[in-house]
Protein chains: 2
Amino acid sequence: MATQQRRERERAQRETLIVNAAREMAEADGWPAVTVRRLAERIEYSQPVLYSHFAGRGAIVDAVALLGIGELAASLEAARVGAAPGEELEAVAQAYLDFAAEHPAVFEAAFTLAEGLPFGPDAPDELKAGFAPLFAVFAPLAGDHDPEAVTEAGWAAIHGLAVLARDGRLRPRHQRERLAVLLEKFTST
Amino acid sequence: MATQQRRERERAQRETLIVNAAREMAEADGWPAVTVRRLAERIEYSQPVLYSHFAGRGAIVDAVALLGIGELAASLEAARVGAAPGEELEAVAQAYLDFAAEHPAVFEAAFTLAEGLPFGPDAPDELKAGFAPLFAVFAPLAGDHDPEAVTEAGWAAIHGLAVLARDGRLRPRHQRERLAVLLEKFTST
DNA sequence: TCACGATCCTAGCATCGCTAGACATCCGAG
DNA sequence: CTCGGATGTCTAGCGATGCTAGGATCGTGA
């Protein structure tokens, strides 16, 4: 029956409603404020409904993380293709730092809270899509090294910049200069 | 009276007992397993005793973080002075990665759980002591840039390598190669 | 119309961080 | 040596958390 399809459609809608609500609440008041009770009240359903969609609170965080990684991937790729020739690396790196600064809660979900996301060979498409633009800008700089290793090292450098800056570990007003150092170190020969 | 001094001595002993217990429990079963109740039972005191030493659970985590940062600083400095001339950077970087891999719970406390630690100008000595060996190996590579900015960028690169590897985001067997890439990028020219 | 199945909610459990108030213990003054 | 006060510790409990069992309610198809 068509009823079945409508049901599934409504279920899918409600699932994105949940994920979006969790994301907005986290971005507004931090992840500790995203409790199952408050989330349920926000979407105007009772708590057990959440558990019919997700295995638990952690699974909801993972869903936000996956969504965020997809957006980060799209943002990186957009920065790459929109950059002037020769400036792709800088554009991608800047996009990465901007994403971390503008969506701290999503970034936190993706890189420190998520626990159920598989990595390595059987990672979701969003994760591989995020690696692609990084590989595109770092691989040409590989020289004698393994292009993937260079990409991973470059990614790590940018990521470290993002997380240490977010936690207030670095001098706030020198982010631009730190990035310039990194770019020069990676591009020179 | 001398009684006062004995009291303070015993209090200090118990405080380190608490911090060490928290650290061991976290290293054994992860931070979520370090509850106030379990910690109290472990040290064979009731819960309120913990609150007479620390403002709350978070303050205990901060204490472990500070302790760990001190050890990390000592480890980095030892690696630097013990390295052959010209290999100080590699030794320090390797020590950083080793510390993160061997004490994941302490590393987590120091860099993702700690919330009450002050940074910037009025940071505790342990934090400044940790920056010193990094500055010592990175500043000579500054060239035209600000030495502190280069140090921060280099630290971020190593740190990113540590956290991404810890979370299983990077290919496990290529850590050595990634580090080699980083070292070459920073030392060339 | 009616019985069945899916959907949802109320109520509750165990556990968490934290705290008030009672109890015990130790110290120094008389 | 005794006793009052201060110090230290514990028992018991509060509000809130993540999660779940069981019953009520609704729509569906015969």
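In the annotation of an unreviewed UniProt entry, chain A is listed under the name Transcriptional regulator, TetR family and assigned to Glycomyces sambucus.

Q: Teacher, can you tell me more about the UniProt feature "domain: HTH tetR-type" (unreviewed entry) in chain A here?
A: As annotated in UniProt, the feature "domain: HTH tetR-type" (unreviewed entry) corresponds to residues 12-72 of chain A in the numbering used here. Taken as a whole, residues 12-72 of chain A contains 79% helix and 0% strand, while its terminal C-alpha atoms sit 23 Å from one another.

Q: Which parts of the structure should I look at to understand empty space enclosed by the protein?
A: Empty space among the atoms becomes apparent when a probe as large as a water molecule is rolled across them. In this structure the tally under the stated criterion is five cavities of 30 Å³ or more. Roughly 80 Å³ of internal volume is contained in the largest cavity. Along the wall of the largest cavity there are 13 residues; nearest its centre are V163(A), R166(A), T112(B), H159(B) and V163(B). Elements that contribute at least two residues to the lining of the largest cavity include exactly helix 6 (104-113) and helix 8 (147-166) of chain A together with helix 6 (104-113) and helix 8 (147-166) of chain B. Among the elements that make up the lining of the largest cavity, the one with the highest residue count is helix 8 of chain A (four residues).

Q: I tried to follow the nonpolar core on my own but got confused; where do I start?
A: The nonpolar side chains of a soluble globular protein tend to be buried, and buried together. Ranked by size, the top nonpolar core spans 121 residues in total, and within it L39(A), Y96(A), L39(B) and Y96(B) carry the most contacts. No other element matches the 11 residues that helix 8 of chain A contributes to this core. Other than its neighbours up to four places away in sequence, L39(B) contacts I18(B), A21(B), A22(B), M25(B), V34(B), L50(B) and I60(B).

Q: What is the right way to look at the relation of the copies chain B and chain A in this model?
A: Each of the two chain copies goes to the other by way of a rotation about an axis and a shift along it. Superposing chain B onto chain A takes a rotation of 180° combined with a translation of 0.0 Å along the rotation axis, leaving an RMSD of 0.1 Å. What we have between these two chains is a two-fold relation. Comparing contact sets, 97% of the residues at the interface of chain B also lie at the interface in chain A, consistent with an isologous, same-surface contact.

Q: Is there a simple way to explain the packing of aromatic side chains in this structure?
A: The geometry of an aromatic ring pair is captured by the separation of the ring centres together with the interplanar angle, meaning the angle of the planes. Residues and elements named next belong to chain A. Within the structure shown, the criterion is met by 10 aromatic pairs over all chains. Ring centres of Y96 and F107 lie 6.1 Å apart, and the angle between their planes is 90°; on these two criteria the pair is classed as edge-to-face. Of the two residues, Y96 sits in helix 5 (residues 88-102) while F107 sits in helix 6, which places them 11 residues apart along the sequence. Its relative accessible area of 1% is what places Y96 among the buried residues. Here a set of aromatic residues connected by ring pairs shows up, and it is made of Y96, F107 and F111. The ring of Y45 has R14 sitting right over it, with the charged end atom 4.7 Å from the ring centre.

Q: Help me understand the pattern of salt bridges, please; the structure alone is not making it clear to me.
A: A side chain of one charge can pair with a side chain of the opposite charge if their charged atoms are brought near each other. Under the counting rule described, the total for this entry stands at 16 salt bridges over all chains. Each member of the salt-bridge network shares a partner with another, and the members are D146(A), E148(A), E152(A), R171(B) and R178(B).

Q: What is the right way to look at the domain arrangement of chain A in this model?
A: Note: interface size is frequently given as the accessible area lost on complex formation between the parts. Residue and element names in this part refer to chain A. For chain A, the assigned domains read domain 1 (1-53) and domain 2 (61-187). Once you take the C-alpha centre of each, domain 1 and domain 2 turn out to be 29 Å apart. At the interface, seven residues of domain 1 touch 12 residues of domain 2. Each partner contributes to the roughly 800 Å² buried at the junction of domain 1 and domain 2, and carbon and sulfur atoms together form 66% of this total. Ranking the residues of domain 1 by area buried against domain 2 places R23, E27 and W31 at the top, with a combined share of 79%.

Q: Looking at this model, I keep getting lost on the UniProt feature "DNA-binding region" (unreviewed entry) in chain A. Mind explaining?
A: In the numbering used here, UniProt assigns the "DNA-binding region" (unreviewed entry) feature to residues 35-54 of chain A. Helix makes up 70% of residues 35-54 of chain A and strand makes up 0%, while its end C-alpha atoms are separated by 14 Å.

Q: Mind showing me how you'd approach the interface of chain B and chain A here?
A: With 35 residues of chain B in contact, the opposing surface of chain A contributes 34 residues. Where chain B abuts chain A, roughly 3400 Å² becomes buried across the two surfaces, and 60% of that area is made up of carbon and sulfur atoms. The interface formed by chain B and chain A includes eight salt bridges. With a shortest N-O distance of 3.2 Å, D146(B) and R171(A) are connected by a salt bridge. For the pair chain B and chain A, the interface holds 16 residue pairs in polar contact (both at pLDDT 80 or more).

Q: So what exactly am I meant to see when it comes to the layout of surface pockets here?
A: Computed from the structure, the largest pocket encloses a volume of approximately 1400 Å³. Lining the largest pocket are 44 residues, and of these T112(A), L113(A), E108(B), T112(B) and L113(B) sit closest to its centre. Taken together, the elements giving at least two residues each to the lining of the largest pocket come down to helix 1 (2-29), helix 4 (57-82) and helix 6 of chain A together with helix 1 (2-29), helix 4 (57-82) and helix 6 of chain B. Taken together, the residues of the lining of the largest pocket sort by class into 22 nonpolar, seven polar and 15 charged.

Calculation rules
- Residues numbered from 1 in each chain as written.
- Chains lettered and ligands numbered in written order.
- Predicted model: local features only at pLDDT ≥ 70, side-chain atom pairs only at ≥ 80, totals over all residues.
- Heavy atoms only, no water.
- UniProt positions renumbered as here; feature names shortened; annotations may be inferred.
- Helix = DSSP H or I, 4+ residues; strand = E, 2+ residues; numbered from the N terminus.
- 1 Å grid on protein atoms, 1.4 Å probe; cavity = no way out; pocket = protein on both sides within 12 Å on 5 of 7 lines; lining within 4 Å.
- Points joined across faces, edges and corners; volume = space filled by probe spheres on them.
- Core = buried A, V, L, I, M, F, W, Y, C linked by side-chain atoms within 4.5 Å.
- Buried < 20%, exposed > 50% of the residue type's maximum accessible area, 1.4 Å probe, protein only.
- Contact = heavy atoms within 4.5 Å.
- Least-squares fit on C-alpha atoms with pLDDT ≥ 70 in both.
- Phe/Tyr/Trp six-rings, centres within 6.5 Å; stacked < 30°, edge-to-face > 60°.
- Lys NZ or Arg CZ within 6 Å of the ring centre and 35° of its normal.
- Salt bridge = Lys/Arg side-chain N within 4 Å of Asp/Glu carboxyl O.
- Domains from an automatic or database assignment.
- Buried area = accessible area lost by both parts, 1.4 Å probe.
- Polar contact = N/O pair within 3.5 Å; in protein donor to acceptor, adjacent residues only side chain to side chain.
- Nonpolar A, V, L, I, M, F, W, Y, C, P; charged D, E, K, R; others polar.

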